[in-house]
Each structure stands twice: as C-alpha cells, then as structure tokens.
Amino acid sequence: MPTDPVGRFLAALDPDHREAVGAKPRKEQERLAATWEQELETDTELDTLDELSPSAAEAEAARRVLDRGTG
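Given the structure is predicted, the values throughout are model-derived calculations rather than measurements.

A. Local environment of the confidence of the model for the protein chain. Overall, the prediction assigns the protein chain a mean pLDDT of 89, with 94% of residues at 70 or greater. Ranking the helices and strands of the protein chain by mean pLDDT puts helix α1 (residues 5-12) first, with 95, and helix α4 (residues 44-52) last, with 77.

B. View of the nonpolar core. Counting residues in each nonpolar core, the largest one holds 15 residues, and the members touching the most others are Phe-9, Leu-13, Val-21, Trp-36 and Ala-62. Looking at this core, the elements that each hand over two or more residues are α1, α3 (26-42) and α5 (54-70). Ignoring any residue separated from it by four or fewer positions in sequence, one finds Ala-62 in contact with Phe-9, Ala-12, Leu-13 and Trp-36.

C. Main features of the packing of α1 against helix α2 (residues 15-22). Interaxial distance between α1 and α2 falls to 8 Å at its minimum, and their mutual angle equals 145°. In this structure, α1 contributes Phe-9, Leu-10 and Ala-11 to the contact, and α2 contributes Arg-18, Val-21 and Gly-22.

D. Structural view of the side chain of Arg-64. For Arg-64, the position within the fold is in helix α5. By relative accessible area, Arg-64 is classed as buried at 17%. Excluding its chain neighbours within four sequence positions, the residues that come into contact with Arg-64 are Glu-39, Asp-43, Glu-45 and Leu-46.

E. Highlighting the pattern of salt bridges. This model, assessed by the stated rule, comprises 12 salt bridges. Glu-37 is the salt-bridge partner of Arg-8, the closest N and O atoms lying 3.5 Å from each other. Remark: Glu-37 occurs in helix α3 and Arg-8 occurs in helix α1; sequence separation between them is 29 residues. Using a relative accessible area of 22% as the deciding quantity, one classes Arg-8 as partly exposed. Looking at Glu-37, the relative accessible area reads 24%, which means it is partly exposed. Counted as one network, the salt bridges with shared partners bring together Glu-39, Asp-43, Glu-45, Glu-60, Arg-63, Arg-64, Asp-67 and Arg-68.

So, how was this worked out
- Residues numbered from 1 in each chain as written.
- Predicted model: local features only at pLDDT ≥ 70, side-chain atom pairs only at ≥ 80, totals over all residues.
- Heavy atoms only, no water.
- pLDDT = per-residue confidence, 0-100.
- Helix = DSSP H or I, 4+ residues; strand = E, 2+ residues; numbered from the N terminus.
- Core = buried A, V, L, I, M, F, W, Y, C linked by side-chain atoms within 4.5 Å.
- Buried < 20%, exposed > 50% of the residue type's maximum accessible area, 1.4 Å probe, protein only.
- Contact = heavy atoms within 4.5 Å.
- Axes fitted to C-alpha atoms, helices over the stretch in contact; angles between N-to-C directions.
- Salt bridge = Lys/Arg side-chain N within 4 Å of Asp/Glu carboxyl O.

Dropping the structure here:
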C-alpha cells in the first residue's frame, strides 16, 4: 500500500478516476490529495465509516473530492 498522500489518494479512487487523475500534472495530483486528506480529517460522517472500513472511508472521501468538481 502506498504511503505518500498522492499514492494513497490514487489507491482510493476507482480505476477510471485513478487513470484520469494519474494523467494530471503532479502538482494537481498533490492538490487533490491534500483536499482528500482534509476531507478525511474534517468530515465527522467519515469517522464512523472509518471505524468500520478505513478503505471505504478513503474511497468515499475521494469520490466527494472529485464530485465537488475539484478533480
């Protein structure tokens, strides 16, 4: 499992989005990963999901970041 934020963010994405985000410039990937990490830290709904399934919480946060149009 990747340990850097961009790698973790890409791993949380579904395959289609992973490919699309992976094609973006590194700076954009870093910006999206930072937004994703902030989503994980601040969204209290994800806390409960994280307790049940950390990977599901990461995937949900990634989906939210992309759905907001930041991706």
